Amino acid sequence: MIMHVITNFTASAGAETMLARLLHGSMDERIIVVSLIGVSDRNRRLADNPRVSYVSLAAASLTALPGAILRLATLIRKERPDVILCWMYHAMVAGSLAAGLARHGAPVFWNVRQSLDDPASLTRSSRIAIAAAKLLSRRPTGIIYNSARALDLHRAYGYANQNTVVIPNGFELPELAAPEPRAARRIGIVGRFHPQKDHGTFFKAAAQVLKTHPQAVFSAAGNGLVCDNPEVMELIAKADLPAHAVDLRGEVSDMPAFYRSIDLLVLSSRTEGFPNVIAEAMSYGKPIVTTDVGDAAVVAGRAGIAVPPRNPQALAEAMRAFLDLPEAEYARYARTARERIENEYALAAVSAKYSNFLMA
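Residues numbered from 1 in each chain as written. Predicted model: local features only at pLDDT ≥ 70, side-chain atom pairs only at ≥ 80, totals over all residues. Heavy atoms only, no water.

1. Considering the overall build of the chain
Next up, step 1: A tally of regular secondary structure across the chain gives 14 helices and 13 strands.
Next up, step 2: Relative to a compact globule of 360 residues, whose C-alpha radius of gyration would be 21 Å, the chain shows 21 Å and is just as compact.
Next up, step 3: Residues classed as buried in the chain amount to 56% of the 360 residues present.
Next up, step 4: Contacts in the chain between residues at least 24 apart in sequence constitute 70% of all its contacts with a sequence separation of at least 6.
Next up, step 5: A total accessible area of about 15400 Å² is found for the chain, and carbon and sulfur atoms account for 52% of it.
Next up, step 6: Taking the average location of the 39 positive side-chain charges in the chain and that of its 33 negative ones, the two points are 7 Å from each other. (Helix = DSSP H or I, 4+ residues; strand = E, 2+ residues; numbered from the N terminus. Rg over C-alpha atoms; globule rule 2.2 N^0.38 Å. Buried < 20%, exposed > 50% of the residue type's maximum accessible area, 1.4 Å probe, protein only. Contact = heavy atoms within 4.5 Å. Areas by Shrake-Rupley, 256 points an atom, 1.4 Å probe, with all protein chains shown as cover. Lys, Arg positive; Asp, Glu negative; His and termini not counted. Charge placed at Lys NZ, Arg CZ, Asp CG, Glu CD.)

2. A short note on the pairing of strand 9 (residues 217–221)
Next up, step 1: Within strand 9, 5 of the 5 residues are buried, which leaves it mostly tucked inside the rest of the structure.
Next up, step 2: Going residue by residue along strand 9, you find Val 217, Ser 219 and Ala 221 tucked away on one face and Phe 218 and Ala 220 tucked away on the opposite face as well.
Next up, step 3: In this structure, strand 8 (residues 186–190) lies alongside strand 9, joined through 5 bridges in parallel fashion. The residue of strand 9 that forms the bridge with Gly 188 is Ser 219.
Next up, step 4: Taken together, strand 8, helix 7 (residues 199–212) and strand 9 constitute a β-α-β crossover, and its handedness is right-handed.
Next up, step 5: Taken together, strand 9, helix 8 (residues 230–238) and strand 10 (residues 246–250) constitute a β-α-β crossover, and its handedness is right-handed. (Pairing = 2+ DSSP bridges. Right-handed = clockwise from strand over helix to strand, strands pointing away.)

3. Some details on the side chain of Ser 219
Next up, step 1: Along the polypeptide, Ser 219 turns up in strand 9.
Next up, step 2: Classification of Ser 219 by relative accessible area gives buried; the value is 1%.
Next up, step 3: What Ser 219 contacts, discounting residues up to four positions off in sequence, is Arg 186, Ile 187, Gly 188, Ile 189, Asp 247, Arg 249 and Phe 258.

4. What about the packing of helix 10 (residues 276–283) against helix 13 (residues 327–344)?
Next up, step 1: One way to put it is that helix 10 packs onto helix 13 with a least axis distance of 7 Å and a crossing angle of 115 degrees. It follows that helix 10 is roughly perpendicular to helix 13 by the angle criterion. When the axes of helix 10 and helix 13 are compared, the crossing they make is left-handed. Contact residues: helix 10 offers Ala 279, Met 282 and Ser 283, while helix 13 offers Ala 337, Arg 338, Arg 340 and Ile 341.
Next up, step 2: Classifying every residue of the contact of helix 10 with helix 13 by side-chain character gives 4 nonpolar, 1 polar and 2 charged. (Axes fitted to C-alpha atoms, helices over the stretch in contact; angles between N-to-C directions. Parallel < 35°, antiparallel > 145°, perpendicular 65-115°, else oblique. Left-handed = near helix turned anticlockwise from the far one by under 90°. Nonpolar A, V, L, I, M, F, W, Y, C, P; charged D, E, K, R; others polar.)

5. Things to note about helix 10
Next up, step 1: Of all 8 residues in helix 10, 8 are buried, a share of seventy percent or more.
Next up, step 2: Burial in helix 10 covers these residues: Asn 276, Val 277, Ile 278, Ala 279, Glu 280, Ala 281, Met 282 and Ser 283.
Next up, step 3: Gly 285 occupies a position one or two residues after helix 10 and carries a positive phi of about 75 degrees.

6. Looking at the nonpolar core
For soluble globular proteins, the rule of thumb is that nonpolar side chains tend to be buried together.
Next up, step 1: One finds Met 3, Val 5, Ile 84 and Trp 110 to be the most contacted residues of the largest nonpolar core, which totals 39 residues.
Next up, step 2: Residue contributions to this core peak at 8 residues, all from helix 4 (residues 89–102).
Next up, step 3: In this structure, Ile 187, Val 232, Ile 236 and Ala 239 belong to the second largest nonpolar core, which totals 35 residues. (Core = buried A, V, L, I, M, F, W, Y, C linked by side-chain atoms within 4.5 Å.)

7. Here's the deal with the sheet that holds strand 2 (residues 31–35)
Next up, step 1: Ordered in space as 3-2-1-4-5-6-7, the 7 strands form an open sheet in which the pairing is parallel. Each of the sheet's edge strands pairs with one partner strand only, and the pair in question is strand 3 (52–56) and strand 7 (164–166). Neighbour to neighbour, the strand axes of the sheet diverge by 20 degrees on average, direction disregarded.
Next up, step 2: Where strand 1 (residues 2–6) and strand 4 (residues 83–87) come together, 5 bridges link them in parallel fashion.

8. Topic: the environment of Leu 173
Next up, step 1: On the secondary structure map, Leu 173 appears in the loop between strand 7 and strand 8.
Next up, step 2: Each C-alpha atom, one on Leu 173 and one on Tyr 284, is 8.0 Å from the other, the two residues being 111 residues apart in sequence.
Next up, step 3: Apart from residues no more than four positions distant in its own chain, Leu 173 is found in contact with Ser 283, Arg 338, Ile 341 and Glu 342.

9. Focus on the side chain of His 4
Next up, step 1: Residue placement: His 4 occurs in strand 1.
Next up, step 2: Take His 4: its relative accessible area is 6%, and that puts it in the buried class.
Next up, step 3: Contacts of His 4, omitting those with residues within four sequence positions, involve Leu 19, Leu 23, Ile 31, Ile 32, Val 33, Val 34, Leu 85 and Trp 87.

10. As for the sheet that holds strand 12 (residues 288–291)
Next up, step 1: Pairing within the open sheet is parallel, and its 6 strands lie in the order 10-9-8-11-12-13. A strand with exactly one partner marks an edge of an open sheet, and here the two such strands are strand 10 and strand 13 (304–307). Adjacent strand axes in the sheet meet at a mean angle of 20 degrees when their direction is disregarded.

11. A closer look at the packing of helix 4 against helix 5 (residues 124–136)
Next up, step 1: It is the contact of helix 4 with helix 5, at a shortest axis distance of 8 Å, that shows an interaxial angle of 40 degrees. In terms of orientation, helix 4 and helix 5 fall into the oblique class. The crossing of helix 4 and helix 5 is left-handed. Counted together, Tyr 89, His 90, Met 92, Val 93 and Leu 97 of helix 4 and Ser 125, Ser 126, Ala 129, Ile 130, Ala 132, Ala 133 and Leu 136 of helix 5 form the full contact between these two elements.
Next up, step 2: Looking at the contact of helix 4 with helix 5 residue by residue, the class counts come to 9 nonpolar, 3 polar and no charged.

What follows is the structure in C-alpha coordinates.
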(Lines give C-alpha, C1' and ligand atoms only; values in the text may rest on other atoms or scores of the structure.)
Protein backbone atom coordinates (compact mmCIF):
# COMPACT_ATOMS: atom_id res chain seq x y z
CA MET A 1 0.00 0.00 0.00
CA ILE A 2 1.30 3.44 -0.94
CA MET A 3 0.66 6.62 1.03
CA HIS A 4 0.84 9.91 -0.86
CA VAL A 5 1.40 13.00 1.27
CA ILE A 6 0.72 16.28 -0.54
CA THR A 7 0.68 19.89 0.60
CA ASN A 8 -2.76 20.81 -0.73
CA PHE A 9 -5.00 18.49 -2.73
CA THR A 10 -7.61 21.21 -3.14
CA ALA A 11 -5.42 23.01 -5.68
CA SER A 12 -5.73 22.37 -9.41
CA ALA A 13 -2.12 23.05 -10.39
CA GLY A 14 0.42 20.72 -12.00
CA ALA A 15 1.38 18.62 -8.99
CA GLU A 16 -2.20 17.93 -7.92
CA THR A 17 -3.24 17.11 -11.47
CA MET A 18 -0.31 14.73 -11.95
CA LEU A 19 -1.08 12.92 -8.69
CA ALA A 20 -4.73 12.58 -9.72
CA ARG A 21 -3.66 11.09 -13.05
CA LEU A 22 -1.43 8.56 -11.32
CA LEU A 23 -4.25 7.64 -8.94
CA HIS A 24 -6.66 7.17 -11.83
CA GLY A 25 -4.38 4.64 -13.51
CA SER A 26 -3.17 2.89 -10.36
CA MET A 27 -3.97 -0.78 -9.85
CA ASP A 28 -2.64 -0.87 -6.26
CA GLU A 29 -4.92 -2.69 -3.87
CA ARG A 30 -5.20 0.31 -1.55
CA ILE A 31 -3.92 3.88 -1.64
CA ILE A 32 -4.12 6.66 0.93
CA VAL A 33 -3.78 10.32 0.01
CA VAL A 34 -3.01 12.62 2.94
CA SER A 35 -3.34 16.35 2.28
CA LEU A 36 -1.88 18.80 4.78
CA ILE A 37 -4.65 21.28 3.90
CA GLY A 38 -7.64 19.67 2.18
CA VAL A 39 -9.07 17.59 -0.66
CA SER A 40 -11.25 18.98 -3.45
CA ASP A 41 -14.12 17.32 -5.27
CA ARG A 42 -12.38 18.22 -8.51
CA ASN A 43 -9.32 16.15 -7.66
CA ARG A 44 -11.42 13.23 -6.37
CA ARG A 45 -13.34 13.21 -9.67
CA LEU A 46 -10.14 13.42 -11.69
CA ALA A 47 -8.63 10.48 -9.77
CA ASP A 48 -11.90 8.49 -10.05
CA ASN A 49 -10.49 5.51 -8.17
CA PRO A 50 -12.53 3.71 -5.48
CA ARG A 51 -9.37 2.14 -4.04
CA VAL A 52 -8.18 5.56 -2.87
CA SER A 53 -9.05 6.93 0.58
CA TYR A 54 -8.42 10.56 1.52
CA VAL A 55 -7.36 12.20 4.76
CA SER A 56 -7.30 15.97 5.29
CA LEU A 57 -5.17 17.34 8.13
CA ALA A 58 -6.57 20.91 7.80
CA ALA A 59 -3.17 22.54 8.44
CA ALA A 60 -3.56 25.75 6.49
CA SER A 61 -0.76 27.68 8.26
CA LEU A 62 2.79 27.11 9.45
CA THR A 63 1.59 27.27 13.06
CA ALA A 64 -0.75 24.34 12.41
CA LEU A 65 2.01 22.22 10.87
CA PRO A 66 3.42 20.67 14.11
CA GLY A 67 0.00 19.28 15.04
CA ALA A 68 -0.45 17.95 11.51
CA ILE A 69 2.92 16.19 11.70
CA LEU A 70 1.89 14.44 14.91
CA ARG A 71 -1.44 13.35 13.39
CA LEU A 72 0.38 12.12 10.30
CA ALA A 73 2.78 10.08 12.44
CA THR A 74 -0.18 8.46 14.18
CA LEU A 75 -1.74 7.65 10.80
CA ILE A 76 1.50 6.09 9.53
CA ARG A 77 1.72 3.86 12.62
CA LYS A 78 -1.90 2.80 12.12
CA GLU A 79 -1.88 2.19 8.35
CA ARG A 80 1.71 0.89 7.99
CA PRO A 81 2.18 1.86 4.33
CA ASP A 82 4.78 0.05 2.21
CA VAL A 83 5.94 3.33 0.62
CA ILE A 84 5.42 7.01 1.46
CA LEU A 85 5.66 9.53 -1.40
CA CYS A 86 5.69 13.21 -0.39
CA TRP A 87 4.66 15.81 -2.97
CA MET A 88 6.08 19.37 -2.70
CA TYR A 89 8.14 21.08 -0.04
CA HIS A 90 5.79 21.37 2.95
CA ALA A 91 4.70 17.75 2.54
CA MET A 92 8.31 16.63 2.10
CA VAL A 93 9.23 18.18 5.45
CA ALA A 94 6.08 17.01 7.23
CA GLY A 95 6.21 13.50 5.78
CA SER A 96 9.86 12.96 6.68
CA LEU A 97 9.43 14.19 10.25
CA ALA A 98 6.23 12.20 10.73
CA ALA A 99 7.80 9.02 9.38
CA GLY A 100 10.68 9.48 11.82
CA LEU A 101 8.28 9.90 14.73
CA ALA A 102 6.23 6.90 13.64
CA ARG A 103 9.30 4.63 13.58
CA HIS A 104 7.55 2.48 10.98
CA GLY A 105 10.52 2.05 8.67
CA ALA A 106 8.72 2.43 5.34
CA PRO A 107 10.86 4.08 2.65
CA VAL A 108 10.07 7.78 2.21
CA PHE A 109 10.46 9.40 -1.20
CA TRP A 110 10.20 13.07 -2.13
CA ASN A 111 8.62 14.50 -5.28
CA VAL A 112 10.01 17.95 -6.10
CA ARG A 113 7.64 19.80 -8.41
CA GLN A 114 9.33 23.18 -8.64
CA SER A 115 12.50 24.59 -10.11
CA LEU A 116 14.51 27.35 -8.42
CA ASP A 117 14.98 29.69 -11.38
CA ASP A 118 13.67 32.63 -9.35
CA PRO A 119 13.09 31.85 -5.64
CA ALA A 120 12.05 35.45 -4.99
CA SER A 121 8.85 34.78 -6.94
CA LEU A 122 7.81 32.12 -4.41
CA THR A 123 5.92 32.77 -1.19
CA ARG A 124 7.76 33.23 2.11
CA SER A 125 6.20 30.00 3.36
CA SER A 126 7.54 28.11 0.34
CA ARG A 127 11.02 29.58 0.78
CA ILE A 128 11.04 28.47 4.43
CA ALA A 129 9.93 24.96 3.43
CA ILE A 130 12.61 24.80 0.70
CA ALA A 131 15.30 25.67 3.26
CA ALA A 132 13.94 23.18 5.81
CA ALA A 133 13.84 20.44 3.18
CA LYS A 134 17.49 21.11 2.34
CA LEU A 135 18.42 20.30 5.94
CA LEU A 136 16.47 17.03 5.72
CA SER A 137 17.47 16.12 2.16
CA ARG A 138 19.70 13.17 3.15
CA ARG A 139 16.78 11.43 4.89
CA PRO A 140 14.54 10.27 2.05
CA THR A 141 15.24 7.00 0.27
CA GLY A 142 15.18 8.89 -3.00
CA ILE A 143 14.00 12.08 -4.69
CA ILE A 144 11.94 12.43 -7.87
CA TYR A 145 12.31 15.69 -9.80
CA ASN A 146 9.88 16.56 -12.55
CA SER A 147 12.51 18.42 -14.57
CA ALA A 148 16.26 18.20 -15.15
CA ARG A 149 16.57 21.91 -14.38
CA ALA A 150 14.95 21.36 -10.99
CA LEU A 151 17.41 18.58 -10.16
CA ASP A 152 20.43 20.71 -11.13
CA LEU A 153 19.27 23.82 -9.25
CA HIS A 154 18.33 21.91 -6.09
CA ARG A 155 21.70 20.18 -6.03
CA ALA A 156 23.38 23.57 -6.42
CA TYR A 157 21.23 24.89 -3.57
CA GLY A 158 22.42 22.08 -1.31
CA TYR A 159 19.99 19.16 -1.61
CA ALA A 160 22.36 16.31 -0.79
CA ASN A 161 20.49 13.10 -1.68
CA GLN A 162 22.21 11.17 -4.47
CA ASN A 163 19.43 8.67 -5.25
CA THR A 164 17.58 10.88 -7.69
CA VAL A 165 15.65 10.53 -10.90
CA VAL A 166 13.93 12.89 -13.34
CA ILE A 167 10.40 11.78 -14.20
CA PRO A 168 8.40 14.23 -16.33
CA ASN A 169 4.66 14.67 -16.11
CA GLY A 170 2.52 12.31 -18.15
CA PHE A 171 -0.57 12.99 -20.25
CA GLU A 172 -3.53 11.17 -21.71
CA LEU A 173 -3.92 12.18 -25.32
CA PRO A 174 -7.24 13.69 -26.39
CA GLU A 175 -8.89 12.73 -29.64
CA LEU A 176 -8.41 15.40 -32.27
CA ALA A 177 -10.44 16.17 -35.35
CA ALA A 178 -8.54 16.58 -38.61
CA PRO A 179 -6.95 20.05 -38.43
CA GLU A 180 -8.23 22.76 -40.73
CA PRO A 181 -5.66 25.08 -42.34
CA ARG A 182 -5.63 28.41 -40.51
CA ALA A 183 -3.38 31.20 -39.39
CA ALA A 184 -2.72 31.84 -35.73
CA ARG A 185 -4.87 34.54 -34.18
CA ARG A 186 -6.05 33.64 -30.66
CA ILE A 187 -3.34 33.56 -27.98
CA GLY A 188 -3.98 31.94 -24.61
CA ILE A 189 -2.25 31.84 -21.25
CA VAL A 190 -3.11 29.40 -18.46
CA GLY A 191 -2.05 29.70 -14.82
CA ARG A 192 -3.22 31.03 -11.49
CA PHE A 193 -2.65 34.71 -10.75
CA HIS A 194 0.63 34.58 -8.83
CA PRO A 195 3.97 36.46 -9.06
CA GLN A 196 5.60 33.23 -10.22
CA LYS A 197 3.47 33.28 -13.38
CA ASP A 198 4.40 36.92 -14.17
CA HIS A 199 1.20 37.95 -15.90
CA GLY A 200 2.51 41.52 -15.92
CA THR A 201 5.11 40.55 -18.53
CA PHE A 202 2.43 38.78 -20.57
CA PHE A 203 0.16 41.84 -20.53
CA LYS A 204 3.04 44.14 -21.58
CA ALA A 205 3.94 41.79 -24.43
CA ALA A 206 0.29 41.58 -25.52
CA ALA A 207 0.11 45.37 -25.66
CA GLN A 208 3.17 45.44 -27.93
CA VAL A 209 1.73 42.73 -30.19
CA LEU A 210 -1.53 44.63 -30.65
CA LYS A 211 0.34 47.64 -32.03
CA THR A 212 1.49 45.58 -35.03
CA HIS A 213 -1.15 42.83 -35.10
CA PRO A 214 -4.52 44.34 -34.14
CA GLN A 215 -6.28 41.12 -35.19
CA ALA A 216 -4.71 39.22 -32.26
CA VAL A 217 -7.06 38.06 -29.51
CA PHE A 218 -5.88 37.23 -25.98
CA SER A 219 -7.50 34.89 -23.48
CA ALA A 220 -6.32 34.23 -19.90
CA ALA A 221 -7.50 31.29 -17.77
CA GLY A 222 -6.62 30.68 -14.13
CA ASN A 223 -7.67 31.35 -10.57
CA GLY A 224 -7.76 35.09 -9.89
CA LEU A 225 -7.75 36.17 -13.54
CA VAL A 226 -11.09 37.95 -13.41
CA CYS A 227 -12.26 41.49 -14.10
CA ASP A 228 -13.12 42.17 -10.48
CA ASN A 229 -9.56 41.47 -9.29
CA PRO A 230 -8.06 44.97 -8.82
CA GLU A 231 -4.47 43.65 -8.95
CA VAL A 232 -5.07 42.12 -12.38
CA MET A 233 -6.73 45.25 -13.70
CA GLU A 234 -3.86 47.37 -12.37
CA LEU A 235 -1.32 45.23 -14.24
CA ILE A 236 -3.35 45.53 -17.44
CA ALA A 237 -3.54 49.32 -17.06
CA LYS A 238 0.21 49.59 -16.37
CA ALA A 239 0.87 47.62 -19.53
CA ASP A 240 -1.20 50.11 -21.59
CA LEU A 241 -3.30 47.17 -22.70
CA PRO A 242 -6.96 48.01 -23.34
CA ALA A 243 -9.07 46.15 -20.79
CA HIS A 244 -11.29 44.72 -23.54
CA ALA A 245 -8.28 43.26 -25.38
CA VAL A 246 -7.89 40.30 -23.04
CA ASP A 247 -10.66 37.87 -22.14
CA LEU A 248 -10.20 37.13 -18.44
CA ARG A 249 -11.77 33.72 -17.91
CA GLY A 250 -10.85 32.91 -14.30
CA GLU A 251 -11.05 29.23 -13.32
CA VAL A 252 -12.11 27.26 -16.40
CA SER A 253 -13.90 23.97 -15.80
CA ASP A 254 -13.71 22.84 -19.43
CA MET A 255 -10.01 23.09 -20.22
CA PRO A 256 -10.25 20.90 -23.35
CA ALA A 257 -12.60 23.50 -24.86
CA PHE A 258 -10.19 26.28 -23.86
CA TYR A 259 -7.22 24.59 -25.50
CA ARG A 260 -9.23 23.91 -28.64
CA SER A 261 -10.26 27.58 -28.80
CA ILE A 262 -6.72 28.99 -28.92
CA ASP A 263 -4.06 28.89 -31.63
CA LEU A 264 -1.01 29.49 -29.47
CA LEU A 265 -0.21 28.98 -25.78
CA VAL A 266 2.07 31.41 -23.96
CA LEU A 267 3.87 30.82 -20.66
CA SER A 268 5.41 33.93 -19.08
CA SER A 269 6.60 32.39 -15.79
CA ARG A 270 9.62 33.48 -13.77
CA THR A 271 10.17 29.93 -12.49
CA GLU A 272 8.70 26.49 -13.17
CA GLY A 273 9.53 22.82 -12.84
CA PHE A 274 7.64 20.93 -15.53
CA PRO A 275 4.80 23.21 -16.67
CA ASN A 276 1.77 21.00 -17.30
CA VAL A 277 -0.03 23.62 -19.35
CA ILE A 278 2.61 23.49 -22.09
CA ALA A 279 2.26 19.74 -22.61
CA GLU A 280 -1.53 19.89 -22.26
CA ALA A 281 -1.78 22.54 -24.99
CA MET A 282 0.64 20.60 -27.19
CA SER A 283 -1.50 17.48 -26.84
CA TYR A 284 -4.22 19.54 -28.56
CA GLY A 285 -1.82 20.49 -31.33
CA LYS A 286 -1.04 24.00 -30.10
CA PRO A 287 2.41 25.57 -30.59
CA ILE A 288 4.13 27.24 -27.65
CA VAL A 289 5.84 30.49 -26.70
CA THR A 290 7.51 30.16 -23.32
CA THR A 291 10.05 31.71 -21.03
CA ASP A 292 13.14 29.56 -20.62
CA VAL A 293 12.45 28.37 -17.07
CA GLY A 294 12.46 24.87 -15.60
CA ASP A 295 12.13 22.35 -18.42
CA ALA A 296 9.65 24.49 -20.36
CA ALA A 297 11.90 24.85 -23.41
CA VAL A 298 12.77 21.14 -23.32
CA VAL A 299 9.09 20.15 -23.28
CA ALA A 300 8.19 22.54 -26.11
CA GLY A 301 11.09 21.35 -28.23
CA ARG A 302 10.66 22.22 -31.91
CA ALA A 303 7.00 23.03 -31.35
CA GLY A 304 7.80 26.35 -29.71
CA ILE A 305 10.00 29.35 -29.09
CA ALA A 306 11.71 30.01 -25.75
CA VAL A 307 12.71 33.50 -24.59
CA PRO A 308 14.34 34.90 -21.43
CA PRO A 309 11.97 35.48 -18.48
CA ARG A 310 10.80 38.99 -17.53
CA ASN A 311 11.42 40.29 -21.07
CA PRO A 312 8.17 41.59 -22.62
CA GLN A 313 9.83 42.59 -25.88
CA ALA A 314 11.25 39.10 -26.50
CA LEU A 315 7.92 37.53 -25.59
CA ALA A 316 6.10 39.85 -28.00
CA GLU A 317 8.53 39.10 -30.85
CA ALA A 318 8.01 35.37 -30.38
CA MET A 319 4.23 35.78 -30.46
CA ARG A 320 4.50 37.87 -33.63
CA ALA A 321 6.60 35.13 -35.23
CA PHE A 322 3.69 32.70 -34.91
CA LEU A 323 1.07 35.24 -35.96
CA ASP A 324 3.07 35.84 -39.15
CA LEU A 325 3.40 32.17 -40.11
CA PRO A 326 1.76 30.97 -43.35
CA GLU A 327 -1.06 28.51 -42.72
CA ALA A 328 0.98 25.50 -43.89
CA GLU A 329 3.90 26.39 -41.60
CA TYR A 330 1.59 26.89 -38.64
CA ALA A 331 0.07 23.44 -39.35
CA ARG A 332 3.57 21.92 -39.26
CA TYR A 333 4.19 23.38 -35.80
CA ALA A 334 0.80 22.07 -34.65
CA ARG A 335 1.62 18.52 -35.83
CA THR A 336 5.04 18.67 -34.21
CA ALA A 337 3.45 19.69 -30.89
CA ARG A 338 1.05 16.75 -30.85
CA GLU A 339 3.65 14.21 -31.98
CA ARG A 340 6.12 15.31 -29.28
CA ILE A 341 3.62 14.58 -26.49
CA GLU A 342 2.71 11.23 -28.06
CA ASN A 343 6.35 10.20 -28.30
CA GLU A 344 7.83 11.59 -25.07
CA TYR A 345 5.16 12.17 -22.41
CA ALA A 346 2.48 9.47 -22.63
CA LEU A 347 0.98 8.77 -19.21
CA ALA A 348 1.46 4.98 -19.25
CA ALA A 349 5.22 5.27 -19.71
CA VAL A 350 5.52 7.93 -17.01
CA SER A 351 3.48 5.85 -14.54
CA ALA A 352 5.80 2.90 -15.14
CA LYS A 353 8.81 5.09 -14.30
CA TYR A 354 7.22 5.99 -10.95
CA SER A 355 6.60 2.34 -10.11
CA ASN A 356 10.11 1.28 -11.10
CA PHE A 357 11.77 3.95 -8.94
CA LEU A 358 9.57 3.52 -5.86
CA MET A 359 9.70 -0.27 -5.86
CA ALA A 360 13.35 -0.76 -6.83
